[in-house]
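Structural overview for review
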Amino acid sequence: MHIISDMEGVSGIVKPEQTDGANPMFMDARKLYTEEINAAVRGSKAAGATEIVVMDCHGAGGAWTFNSLIPEDLDAACEWVVQEEWTGYTAFLEEGCDAALFVGMHAMAGARFGNMNHTVSGRDYQRLWFNGTEVGETGINAALCGTWSCPVLLVTGDRASCDEATALLGAGLTTVAVKQGLGARSARMIPPARARELIEDGARRALSDLTAVAPYDPGSPCEIKVEFKRTEPVDRLRFHPGVERLDGRTIRVRADRWWDAWKLFFFET
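These notes cover the structure that comes with them.

Definitions and cut-offs
Residues numbered from 1 in each chain as written. Predicted model: local features only at pLDDT ≥ 70, side-chain atom pairs only at ≥ 80, totals over all residues. Heavy atoms only, no water. Helix = DSSP H or I, 4+ residues; strand = E, 2+ residues; numbered from the N terminus. Rg over C-alpha atoms; globule rule 2.2 N^0.38 Å. Buried < 20%, exposed > 50% of the residue type's maximum accessible area, 1.4 Å probe, protein only. Expected span 1.5 Å × (residues − 1). Pairing = 2+ DSSP bridges. Axes fitted to C-alpha atoms, helices over the stretch in contact; angles between N-to-C directions. Contact = heavy atoms within 4.5 Å. Phe/Tyr/Trp six-rings, centres within 6.5 Å; stacked < 30°, edge-to-face > 60°.

Considerations on the overall build of the chain
What the chain contains, in helices and strands, is 7 helices and 12 strands. A compact globule built from 269 residues should have a C-alpha radius of gyration of about 18 Å, and the chain, at 17 Å, falls within 12% of that. Expressed as lengths along the three principal axes of its C-alpha atoms, the size of the chain is roughly 50 × 40 × 30 Å. Taking all 269 residues of the chain together, 54% fall into the buried category.

Given below as structure tokens:
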């Protein structure tokens, strides 16, 4: 079982400062984050999972990036990964993984009621499409899992992220909304203790049917289009083989598979 986690969709975390490793508020947010991960681990265990690997996907800045959970507080039934770059760890998926659970997700950039909505880097990315379908980070993580035929069965986060995930992955997806975004920096939240109970139950229910959601495949061949907020990223990426510049802020890449298209531009060379 693969638990892929992010911080912005956690109950009690509502301001960007809480997700920034350089801010004093980050320390309390790490505790909230770790406990929602633990809830998903407990639910996975209750459903019969025998191997659980957590992958922290929150970029908190500096050495905190993909390293935001609290190891000492992590449930002993799992292992966890600190990766160098987001989407860079694929070994567990390649070995064969029955399902993925996404914890603490946030909505894509521009989502009206998405608390702390953004896509990849809120500083750089404006919009992202896979074969004409606009996606956020849930879509990216789902496509990564789908590359190795691993279905996503649970998504937790704010209501906007849950709705986004259901629209992309289908009605068979189990979702747990732990807060309702009111704006980018505000939300009405379920208290953390109850949010964890809901996540634990959601994980257990989601894993009761491993066929409820098909592995996500954006399609083959796959076209990825990215609109950036500024021209500088495109100035740099235009030198990557396979990258086509469409205008000042937009690029396009194409390949037979999503993973091959993603690698054309996402990882720095």
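Observations regarding helix α1 (residues 26-46)
In a regular helix each residue adds 1.5 Å, so 21 residues correspond to 30 Å; α1 covers 30 Å between its end C-alpha atoms and thus fits that length. Gly48, located one to two residues past α1, shows a positive phi value of around 105°.

Topic: the sheet that holds strand β9 (residues 186-189)
The strand order across the open sheet formed by 7 strands is β3-β2-β1-β4-β7-β8-β9, and the pairing between neighbours is mixed. Looking along the sheet, the strands with just one partner apiece sit at the ends: β3 (79-81) and β9. Shown here is a sheet whose adjacent strand axes are inclined to one another by a mean of 25°, direction ignored. With 4 bridges connecting them, strand β1 (residues 2-5) and strand β2 (residues 53-56) associate as parallel partners. Bridge assignment links His2 to a residue of β2, and that residue is Val53. Taken strand by strand, helix α4 (residues 159-169) contacts β4 (100-105), β7 (152-158) and β8 (174-183), and its axis lies near 155° from that of β7.

What to know about the packing of aromatic side chains
Enumeration according to the criterion identifies 13 aromatic pairs in this entry. Ring centres 6.4 Å apart and planes at 85° place the aromatic pair Phe130 and Trp262 in the edge-to-face group. Here the residue Phe130 occupies a position in strand β5 (residues 125-130), and Trp262 occupies one in helix α7 (residues 258-265), the gap between them amounting to 132 residues. Note on Trp262: relative accessible area 0%, which makes it buried.

No statement about biological role is implied by the geometric values presented.
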